[in-house]
Amino acid sequence: MVESARRRWLLLAVVSAGLLLITLDNSILYAALPTLVEELGASSAQSLWIINAYPVVMAGLLLGSGTLGDRVGHRRMFLTGLAVFGVASLAAALSPSPEALIAARAFLAVGAAAMMPATLALIRVTFTDERERNVAIAVWGSLAVVGSALGPIVSGVLLQSFWWGSVFLVNLPVVVLALVATLVLAPGGGADPGKHWDLVSSLLALVALVGLVFAIKEAAKAIPSPVAAGLALGAAAVGGWAFARRQRRLPDPLLDFAIFRNPAFLAGVLAAGFSMFAVAGLQLITTQRFQLVEGFTPLRAGVLVAAVALGALPTAVAGGAALHRIGLLPIVTGGLALSTVGTVLVLLHFDTSMPLLVTGLLVAGAGLGAAMSVASSAIMGNTPVRRAGMASSVEEVSYEFGSLIAVALLGSLLTAVYSATVRLPPGTSEEARDSLDAALALAGEGADGGALVAAASAAFDGAYGAVVLVVAGGLAVGTVATGVLLRRHGPGSALSGPALTSTRPHGPGAPCAPASGPRSSTRRPASCSARGSRASPSRRWRPRRS
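Below is a short write-up of the structure. (Residues numbered from 1 in each chain as written. Predicted model: local features only at pLDDT ≥ 70, side-chain atom pairs only at ≥ 80, totals over all residues. Heavy atoms only, no water.)

### Side note on the overall build of the protein
Put simply, the test is: The helix count covers DSSP runs of H or I at least four residues long, the strand count covers runs of E at least two residues long, and both are numbered beginning at the N terminus. A simple rule labels every residue: compare its accessible area, found with a 1.4 Å probe on the protein chains alone, to the largest value its type can have, and call it buried under 20%, exposed over 50%, or partly exposed in between. We call two residues in contact whenever any of their non-hydrogen atoms come within 4.5 Å of each other. To be clear on the numbers: accessible area is Shrake-Rupley with a 1.4 Å probe, and residue cover counts the displayed protein chains and nothing else.
Scanning the protein from N- to C-terminus turns up 17 helices and zero strands. For the protein, with 546 residues in total, the buried portion stands at 57%. Relative to all contacts within the protein whose residues are 6 or more apart in sequence, the contacts with residues 24 or more apart total 80%. Surface exposure of the protein reaches about 21,000 Å², of which carbon and sulfur atoms provide 67%.

What follows is the structure in structure tokens.
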């Protein structure tokens, strides 16, 4: 029993190390972005795609990789993802141009998408005791916060002594160690060759996400193109519609929309998305602002935003440990509310008081840490074991979608507000309106550089304030939404609600779906007898809500 327990927690350390790599690479370029722009000559649009290629490809592939993990085994998926991640890290470090780096970042996302659902699915099948599993997921979730916050610090440390490619090479030692440890510790088996994996669905999801990102970026330009934005939005709509339609027809869909009918599950998805939206948004714009306006080094800017992780760590672990006593509502909704207060503090004091700014980041991190760790428990705890791969994919898509929208929307909004409000001194090239980086470069060449720097910095601060206000508004919306969904999940309530089964017809000759979960109150369709007769494919049935 002792050895079994030791193996479980060692395995948790290994899969958490994989998650740490994934989240680290989500944020490691935030502090390095000004250096990358200078060294590679990237435009403002290319700089955002260097960051966004990673979450957009990962989010598009995550649903499919979860189901593929159910088919081939989550251990195999984790090992494959680690190998791809290592090769892609080397390719990214040696990229000679912005385009090559964007492609390498997309390749990194393929490895991350293979790994990510496997990390949570391995925890789900290894930790069978609910309380122990909640603690394990809380530790796993806290490391996601740590990785996200460590990214800017790690890049700052490396950039002080090495060239920019070192921010990717740092992944390689961790990949090698994790590969060896996984081969020793991770349980084999668990594969279900009968599970259908649908590549077309993954590609449709990717089309929808890429189209959405293009539409957001185009709409946020100082002079947007209605045709380009319309085409991108149309591609997103068609891809999303085709994806949803295809899922209803597949015997093993990548996403069974019936699972969203569980309020606690849906609240967990929303909490994960809103939390990562805030974390990614605050880190991206704050590291840029303090490097470009205040003259911070990448390391100093990274240490500043690490206050988010410092505030998040204790609440992330404590939230998982206390979940069975106080319920989802106080931790998820209360955490989002607390993070809203912290973000407002950042908005009010980012240019007036460093102590109050750091306090705001700490408070925001404390709320986000609690909400994020328990959001994962809400998602996984309200899904049957046979849907572990799908649920872990949905959980990860929620986080990646939050990060994706943060970079696409907030990064584009930052540039758009700056471009629209900057008042350039007479005779200044219009190139200075493209970004603050461009303005600073031009200021070093002209005689009236001081006036240009002052004007550009003032406009950037106005844009920063507008973006932080959007982040605070998003967190407030998340607070209200999760509060409504979790109104029955206060102190003393169970983590899991009534189990919900699919509302899709099961197809000709398919057996009736059994009720799942310890609290299931699912009603069987009239066409299913007690002896297990087969349902008519034309009949649809819905679970009875308790």
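### Some remarks on the packing of helix H3 (residues 74–93) against helix H7 (residues 171–185)
The condition that has to hold: Axes, fitted as lines to C-alpha atoms, cover a helix only where it is in contact. Angles between the N-to-C directions of the axes lie from 0 to 180 degrees. Here is the rule for angles: anything less than 35 degrees is roughly parallel, anything more than 145 is roughly antiparallel, 65 through 115 is roughly perpendicular, and the remaining ranges are oblique. Crossing handedness: left-handed means the near helix sits turned counterclockwise from the far one by under a right angle, and right-handed means the same turn made clockwise.
In contact at an axis separation of 9 Å, H3 and H7 are set at 160° when each is read in the N-to-C sense. With respect to each other, H3 and H7 are oriented roughly antiparallel. Once H3 is placed against H7, the crossing between them reads as left-handed. Where H3 abuts H7, its residues Arg75, Phe78, Leu79, Leu82, Ala83, Phe85, Gly86 and Ser89 lie against Asn171, Leu172, Val175, Ala178, Leu179, Thr182 and Leu183.

### A few points about a nonpolar patch on the surface
Selection criterion: Patches in this entry comprise residues that are over 30% relatively accessible and not in a salt bridge; like charges within 9 Å are linked, as are nonpolar side chains (Val, Leu, Ile, Met, Phe, Trp, Tyr) within 5 Å. For this document, the term salt bridge refers to a Lys or Arg side-chain nitrogen within 4 Å of an Asp or Glu carboxyl oxygen.
Taken together, the side chains of Leu90, Leu94, Phe162 and Trp163 present a nonpolar region at the surface, about 440 Å² in accessible area. Looking at the secondary structure, you find Leu94 in the loop between H3 and helix H4 (98–126).

### Describing the pattern of salt bridges
Scanning the entire structure with this criterion turns up two salt bridges. For Arg289, the salt bridge is made with Glu294, and the minimal N-O distance between the two is 3.0 Å. With a relative accessible area of 1%, Arg289 lands in the buried category. On the basis of relative accessible area, Glu294 is assigned to the partly exposed category, the value being 40%.

### A word on helix H13 (residues 328–349)
Convention followed: Expected helix span is taken as 1.5 Å per residue step, with the number of steps being one fewer than the number of residues.
Between the first and last C-alpha of H13 there are 32 Å, a value that for 22 residues agrees with the 32 Å anticipated at 1.5 Å per step. Within H13, burial applies to Leu328, Ile331, Val332, Thr333, Gly335, Leu336, Ser339, Thr340, Gly342, Thr343, Val346 and His349.

### Examining the environment of Glu294
Its location among the elements puts Glu294 in the loop between helix H10 (263–292) and helix H11 (298–305). Sequence separation between Glu294 and Asp351 is 57 residues, and the spatial gap between their C-alpha atoms is 9.6 Å.

### Observations concerning the environment of Ser89
Here Ser89 is to be found in helix H3. For the pair Ser89 and Val167, spaced 78 residues apart in sequence, the C-alpha to C-alpha distance is 9.0 Å.

### Quick look at the packing of aromatic side chains
In plain terms, the rule: In this analysis, rings of Phe, Tyr and Trp, with Trp reduced to its six-membered ring, are considered paired at centre separations within 6.5 Å, and the interplanar angle assigns stacked below 30 degrees, edge-to-face beyond 60, and tilted for intermediate values. Whether a charge lies above a ring is judged from NZ of Lys or CZ of Arg, which has to be within 6 Å of the ring centre and within 35 degrees of the ring normal.
Applying the stated criterion to the full structure yields five aromatic pairs. Taken together, a centroid distance of 5.5 Å and an interplanar angle of 80° make the contact between Phe260 and Phe265 edge-to-face. When the ring centre of Phe290 is taken as origin, the NZ or CZ atom of Arg289, which lies over that ring, is 4.7 Å away. Over the aromatic face of Phe296 sits the side chain of Arg300, whose NZ or CZ is 3.8 Å from the ring centroid.

### Let's talk about the packing of H13 against helix H14 (residues 354–380)
We count it as follows: All residues other than Ala, Val, Leu, Ile, Met, Phe, Trp, Tyr, Cys, Pro, Asp, Glu, Lys and Arg, Gly among them, are scored as polar; the first ten of these are nonpolar and the last four charged.
Running from N to C, H13 and H14 cross one another at 155°; their axes reach a closest spacing of 7 Å. On the basis of their axis angle, the class for H13 and H14 is roughly antiparallel. Here H13 and H14 pass one another in a crossing that is left-handed. Taken together, the residues of the contact of H13 with H14 break down into 18 nonpolar, eight polar and no charged.

### Some details on the environment of Ala366
Locating Ala366 in the fold gives a position in helix H14. A relative accessible area of 15% places Ala366 in the buried class. Those residues in contact with Ala366 that lie beyond four places of it in its chain are Gly311, Ala312, Thr315 and Leu338.

### Comments concerning H14
Heads up, the condition is: Side-chain atoms alone can form a polar contact between residues adjacent in sequence; in general such a contact is a pair of N or O atoms within 3.5 Å, and within protein one must be able to donate a hydrogen while the other accepts it.
In a regular helix each residue adds 1.5 Å, so 27 residues correspond to 39 Å; H14 covers 39 Å between its end C-alpha atoms and thus fits that length. Taken across its 27 residues, H14 has 20 buried, putting it largely inside the fold. For H14, the N-terminal cap is Ser353; the gap from its side-chain oxygen to the backbone nitrogen of Leu356 is 3.3 Å.

That is the geometry; function is a separate question.
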